[in-house]
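Residue-level structure breakdown
So you can see what is in the structure, the chains are spelled out below.
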Amino acid sequence: MKVQAVSGKTLPTEPRELSEVADWFAETDVVVVGLGAAGSCAAIEAADAGAKVMVLEAGSVGGGTTAMAGGQIYFGGGTLLQSECGFEDTLEDMYQFMVKSCGPNGDEEKIRLYVDNNLDHYQWLLDQGMEFKAEYYAEKYTNTPNDEGLICSGNEYAYPYDTIAKPAPRGHKGKAHGEDGGAYLMRTLTAALEKRQVLISYESRALTLIQDDSKRVVGLVVRIDGEERCIKAAQGVILCAGGFIMNDEMVKNHAPRLAKASLPLGNPNDNGVGLRMGQGVGGSLIGMSEGFVALPFYPPSSFVDGIIVNGKGQRVINEDSYQGVVGDLILNAPDEKFYLVIDSRNFEALEKPPLGGFGVAGVGETIEELEEELNMPARSLSHTLEQFNFHAAEGNDPLFHKRKPYLKPLNEAPYAAFDISINSGAYFPVFTFGGLNTQPTGEVLTEDRQVVTGLYAAGRNTCGLPRSGATYSSGFSIGDATFFGRLAGKTAAQNTK
Ligand SMILES: Cc1cc2nc3c(=O)[nH]c(=O)nc-3n(C[C@H](O)[C@H](O)[C@H](O)COP(=O)(O)OP(=O)(O)OC[C@H]3O[C@@H](n4cnc5c(N)ncnc54)[C@H](O)[C@@H]3O)c2cc1C
C-alpha cells in the first residue's frame, strides 16, 4: 500500500474524482466514519452481514458525544425492564407519544419502524452485553442518579402528552452510575465491535468523499499521521460523525436561535464535517434550525412545585414539563425575563446553588415584596400566585394543567425568585438535531429525494427521530443513533459492489 500524494486544500464539500486517485492506501467493503453510538452499531451490523469493515475515528479514543451523554435510550411498549419495574405499556401508546414528541416535521415512517422494532433492538443491545438494573427512579431528575435502569425521561406524565397516550416511563439507562450511562453504552458497543473482524483506525480524520463517473461514492480521503490517504469502500461509506453544535458559523447560519443558548454540548468533533461531506456529493440537509436546549431546573424535584413566570409576573408553562420544553420556551424569548418562584419549603437551595447555575433575583417576606423587588407591576405576580393557589388547593390548574404530585399551593412565605432568563448566567445546554436527509435504510437523499449511491448516514449526521426541541424527550437521540445506525450498516453490507 502506497501513500497517495495529494496537493491543495481538501474541503468536505468538494469531493475527489475517482480519476484523481493515484493509489489506494487501503481497500475494504464498508467504511464507517465516526465511532459513536451510530458508527459502532453500523459497523457491528455490517460486519455481521459479512462485509469487510473499517472504522475511521478522528479522536484517539472512540465514544464521541455518546460517551459524554447520560445514556438514556427510549424504549417502550412492554420491555422486560418496564415489566420488572411494574409498568404496563403498549407500542401504540409509545407511537402516539413519539409522533407528538418528534415534532410537526417528524418522520412517521421512521417513528413507526423504530417503535415496531424497539423491543428487538432492546434485546439486541442485551446481546451486545448491555445490562439494565430493574429499578425505577420515581423523582423528576435529569437522569437516574445512581444505577437505576428506568426513569420517566420526558413529558409522558405532563399535559397534553398524558391526554394523547397513556403515560409510562421509557427512559432506559444501562447499569452505570448517574451521568455515566453514555460511557457505559460506548464501552459495551466498542467491546462488542472489537470481537468482530473490524479494523478501527483512531486519529484518522475523514476529509472528503471520492466519487466515480456515475457519481457513486466509492471511498474517501482521510488524514492519518498527517498525510492524506485514499481508502476504497467497495460497498459504501457510512457517515456517523455527529452533529454541528461546535461549529459556530454553521450554528449561526442554520440555527441562529440555538446560538443564544449558553453551553454547546458535545465533543469538539461535532463540527459538521460529516454533514458537509454528504452535502458535497448532493445530499440534502433538513431540520437544520432545530435542536435541544434545556433549562435543568430540577433536581431538586421539589423545584417543580414552584411556578415559572415572565417579567410581567405571568405564568408561562406547566412546570412539570420536561427541562427541554422549558428551555426551548425561554430561548424563544431571549430578551425577556423569566423567573422560577419558590416558597420557604425550598429555601435550603438558597445556600447551595442549584444544578442549573441560576442566581437568586429576589427574596420577599411577602409575595408583594418579591414582586416589587423584581420590578414587576403591582398586583401582577401576587395576582398570579393568588389565582394559582386558589385552583391548586382544589387540585386544578385550569391555565396550564400542571399535574399532581407537583401541583401544590405555594403559600409558605417568605418567597424567592431565581433568574432563569437567557444571559442571566443560568445554564442552557444545547445540541443540534439537523442533518442529512435519509431513508430509514440510511441511504442519503438529494434535494430531489434521489438516493446518493454508495452513501449512508446515521446518528446526528442525519435528521432522524428528534426534530423539535419544544417537544423532545431524552432517549430519542441515542435510540435513533443506535437503531438507524444498525439499519445503515445492514443496508451498506447488502449493497452490490
Ligand atoms: C451531556 C449530554 C448528555 C446527553 N444525554 C443524552 C441521553 O441521555 N439520551 C439521548 O438520547 N441523547 C443524549 N444526548 C445526545 C446524544 O448523546 C447524541 O445526540 C448522540 O449520542 C449522537 O451520537 P452519534 O453517534 O451521532 O455521534 P457521536 O457519539 O458524537 O459520534 C461521532 C463520532 O465521530 C467522530 N468524528 C467526527 N468527525 C470525524 C471525522 N471527520 N473523521 C472521523 N471521525 C469523526 C467523533 O470524534 C465521534 O467519536 C446527550 C448529549 C450530551 C452532550
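Provided above is the structure to which this section pertains.
Predicted model, so just to flag it, every value in this text is computed and none were measured.

If you walk through the whole model with that rule in mind, you get one cavity of 30 Å³ or more. The computed volume of the largest cavity comes to approximately 60 Å³. Contributing to the lining of the largest cavity are Lys 110, Thr 438, Gln 439, Pro 440, Gly 442, Ala 457, Ala 458, Thr 462, Gly 464, Asp 480 and Phe 484. Across the lining of the largest cavity, the residue classes break down as four nonpolar, five polar and two charged.

The end-to-end C-alpha distance of helix 12 (residues 476–494), which contains 19 residues, comes to 27 Å, matching closely the 27 Å that a straight helix rising 1.5 Å per residue would cover. Counting buried residues in helix 12 gives 17 out of 19 residues, a clear majority hidden from the surface.

Our focus in this paragraph is the site of the ligand. Taken together, 39 residues lie near the ligand, and Glu 57, Thr 66, Gln 72, Arg 460 and Ile 478 sit nearest. With respect to the ligand, the backbone of Ala 38 contributes an N or O atom lying 3.0 Å from an oxygen atom. In the complex, 94% of the free accessible area of the ligand, which totals 1000 Å², lies under the protein chains. When residues of the shell around the ligand are traced back to their parent elements, those giving at least two are helix 1 (37–48), strand 9 (204–211) and helix 12. Residues of the shell around the ligand, tallied by class, amount to 17 nonpolar, 18 polar and four charged.

Residues of helix 3 (residues 91–101) that are buried: Asp 93, Met 94, Tyr 95, Phe 97, Met 98 and Ser 101. In this structure, the buried side of helix 3 is in contact with strand 4 (72–74), helix 4 (108–127), helix 5 (161–164) and helix 12. Of the residues trailing helix 3, Gly 103 is marked for its positive phi of about 95°.

Below, the discussion takes up the sheet that holds strand 7 (residues 171–173). Reading across the sheet, the four strands line up as 4-7-6-5 and stay open at both edges, with mixed pairing between neighbours. Across the chains shown, the open sheet's two edge strands, defined by having one partner strand only, are strand 4 and strand 5 (136–137). In this sheet, strand 6 (residues 150–151) lies alongside strand 5 in parallel orientation, the contact comprising two bridges. Each bridged residue has a counterpart across the sheet, and for Tyr 137 the counterpart in strand 6 is Ile 151.

Cut-offs and rules
- Residues numbered from 1 in each chain as written.
- Predicted model: local features only at pLDDT ≥ 70, side-chain atom pairs only at ≥ 80, totals over all residues.
- Heavy atoms only, no water.
- 1 Å grid on protein atoms, 1.4 Å probe; cavity = no way out; pocket = protein on both sides within 12 Å on 5 of 7 lines; lining within 4 Å.
- Points joined across faces, edges and corners; volume = space filled by probe spheres on them.
- Nonpolar A, V, L, I, M, F, W, Y, C, P; charged D, E, K, R; others polar.
- Helix = DSSP H or I, 4+ residues; strand = E, 2+ residues; numbered from the N terminus.
- Expected span 1.5 Å × (residues − 1).
- Buried < 20%, exposed > 50% of the residue type's maximum accessible area, 1.4 Å probe, protein only.
- Near = heavy atom within 4 Å.
- Polar contact = N/O pair within 3.5 Å; in protein donor to acceptor, adjacent residues only side chain to side chain.
- Areas by Shrake-Rupley, 256 points an atom, 1.4 Å probe, with all protein chains shown as cover.
- Contact = heavy atoms within 4.5 Å.
- Pairing = 2+ DSSP bridges.

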